[in-house]
Amino acid sequence: NHSRYAMWFSVLSLVFLVASLVVNLLELVAYVLIRPVSLSLFRRVNAKLCYLSWCIIPWALENWSRLELRIFAKEEDVVNAGQSNMIAILNHRGDIDWMLGYCVCDRLGILQNVKCLMKSFVKYLPTVGWSFWFSDYTFLKRSFDQDHKRLTDSAQLWTSYDFPWTVCLFAEGTRFTEEKHQKSLEYARKKGLPELKHHLLPRTKGFNFILHEVKDHVPAVYDITFGYPHGSLTLLDLVKGKKMYADVNIKKIPVSDIPTTSEEETSAWLINLFKQKDDLVEYHSVHGRFPTTRLDLPSRPYPTAIMTMWFLLLLSPFLYYVYDLVVAVEYWKLITLGIILLAAHFGMRLLMTVTEVQGSQQPAKKDS
């Protein structure tokens, strides 16, 4: 059973990688032909193009792993989420939190306009890295001087858009582990800060900087908190096609309610927000749900329609080619094909690991 899932995951990975390369080519054509004429039109076209590959991620979670995603929120907080610019602050407990973030963004109708902070080398990776670069993601090097300029340039880019965008931040800076949690607790005791049970203390510098740069263009911050009824999810669970369960609590916070007169006040607000997140996750661990009212926010039909297109364009010729090889008994070509599928399998797993979204710790090294 595991071998069958691994084989089909390899095929799915190959479809994703080839589809993403096709999208990269189309983005390059748009960059060369449209951007010099109209930057605004290029951005709109590119948003549509990148969605053709990005939507494969929520499709895979919801169909391959049969994700059951329960959303807890006030309807008025999410009904118009894609109508204006926003900052989303997410907690980071597992391997695939960023993929679940893509699922939530797709259900809110904002996936194609998402911006994230990424490790600098990611922009050189074919498929997702190139698409992130075309889409004005921010690539950081963990150098205060260099990243300060990069964040400034990114904020200027984002605020020049003539359609809504969303910046997603994992403010803890890295995924939760017991070792990192102990260090976070030691730091909290030393500084007299709240001791969080389910999270790391957030890194405040990056959030402070971004909020200061874009606050006149962003009416609200969205607090997004994940909880796992059956334990945290891993990349291996996805590879195995294991059925997934996840809950998400969404709360809209007007920027006018966030103190921005000083860095200290904004930092204290963010730390307090994570104390509230921690209380929410503790409630979830006891009651198996968040205290907010559950909201029916179903998945959209577009990922399935687009995946159907990719399967017809890419998988049908592929399966026909495999059938011809089997009939012709061309074993060396079948072996080569097997190697390609293995490369796609492990290449996809590597991409999912190295493209983990960066937290808001940048500019780093100077946190208080």
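Provided above is the structure to which this section pertains.
Residues numbered from 1 in each chain as written. Predicted model: local features only at pLDDT ≥ 70, side-chain atom pairs only at ≥ 80, totals over all residues. Heavy atoms only, no water.

J.: Give me the overall build of the protein chain: which residues, what numbers.
T.: From N to C terminus, the protein chain includes 13 helices and 8 strands. Buried positions account for 52% of the 368 residues belonging to the protein chain. Within the protein chain, counting contacts between residues at least 6 apart in sequence, those at least 24 apart form 81% of the total. (Helix = DSSP H or I, 4+ residues; strand = E, 2+ residues; numbered from the N terminus. Buried < 20%, exposed > 50% of the residue type's maximum accessible area, 1.4 Å probe, protein only. Contact = heavy atoms within 4.5 Å.)

J.: Pulling in residues and values, what's your account of unusual backbone geometry?
T.: For R66, which is not a glycine, the phi torsion comes out positive at approximately 50°. Within the secondary structure layout, R66 lies in the loop between α3 (56–64) and β1 (68–73). You can call R66 partly exposed: its relative accessible area is 36%. Of note, the phi angle at D136 is positive, near 65°, even though the residue is not glycine. Inspection of the secondary structure assignment puts D136 in the loop between α6 (128–134) and β4 (138–140).

J.: Could you give me a rundown of the environment of D106, with the residues and numbers involved?
T.: Relative to the assigned elements, D106 resides in helix α5 (residues 97–108). Residues D106 and W59 lie 47 residues apart in sequence; the distance between their C-alpha atoms is 9.9 Å. If sequence neighbours within four positions are ignored, D106 has contacts with Y51, P58, L111, R300 and P303.

J.: Break down the sheet that holds strand β2 (residues 86–90) for me, with residues and values.
T.: The strand order across the open sheet built from 8 strands is β4-β3-β5-β2-β6-β7-β1-β8, with neighbouring strands paired in mixed fashion. Taken across any chain shown, the strands that pair with only one partner, and hence form the sheet edges, are β4 and β8 (294–295). Where strand β3 (residues 114–119) meets β4, 3 bridges bridge the pair, whose relative direction is parallel. Bridge pairing links K119 to L140 in β4. Sitting on the sheet, α5 is in contact with β1, β2, β3, β5 (166–170), β6 (220–227) and β7 (245–254), with an inclination near 125° to β6. Across the sheet, helix α9 (residues 205–214) lies against β2, β3 and β5, angled at about 165° from β2, the strand it touches most. (Pairing = 2+ DSSP bridges. Axes fitted to C-alpha atoms, helices over the stretch in contact; angles between N-to-C directions.)

J.: Tell me about the packing of aromatic side chains, and name the residues and values.
T.: In total, this model carries 14 aromatic pairs according to the counting rule given. Relative to Y102, the ring of W54 has its centre 6.1 Å away and its plane inclined at 50°; by these criteria the two rings are tilted. A residue pair is termed long-range when its members are at least 10 positions apart, and W54 in helix α2 (residues 39–54) and Y102 in helix α5 qualify at 48 residues. Both residues of the pair, W54 and Y102, belong to the buried class. Between F132 and Y137, the ring centres sit 4.3 Å apart and the planes meet at 10°, which makes this aromatic pair stacked. This pair shows no difference in class: F132 is buried, exactly as Y137 is. Three or more aromatic residues joined by ring pairs form one cluster here, namely W54, W98, Y102, F132 and Y137. For R93, the ring lying beneath its charged end belongs to F176, and the centroid distance is 4.6 Å. Stacked on the ring of F274, the Lys or Arg K277 has its end atom at 5.5 Å from the ring centre. (Phe/Tyr/Trp six-rings, centres within 6.5 Å; stacked < 30°, edge-to-face > 60°. Lys NZ or Arg CZ within 6 Å of the ring centre and 35° of its normal.)

J.: Report on the pattern of salt bridges, specifying residues and quantitative values.
T.: Evaluated as defined, the whole model comprises 14 salt bridges. In this structure, the salt-bridge partner of E62 is R107, at a minimum N-O distance of 3.2 Å. Pair noted here: E62 is in helix α3 and R107 is in helix α5, with a separation of 45 residues, a long-range link. The residues E62 and R107 share a single accessibility class, namely buried. A salt bridge links D247 to R70; the shortest N-O distance between them is 2.7 Å. A residue pair is termed long-range when its members are at least 10 positions apart, and D247 in strand β7 and R70 in strand β1 qualify at 177 residues. For D247, a relative accessible area of 0% gives the class buried. (Salt bridge = Lys/Arg side-chain N within 4 Å of Asp/Glu carboxyl O.)

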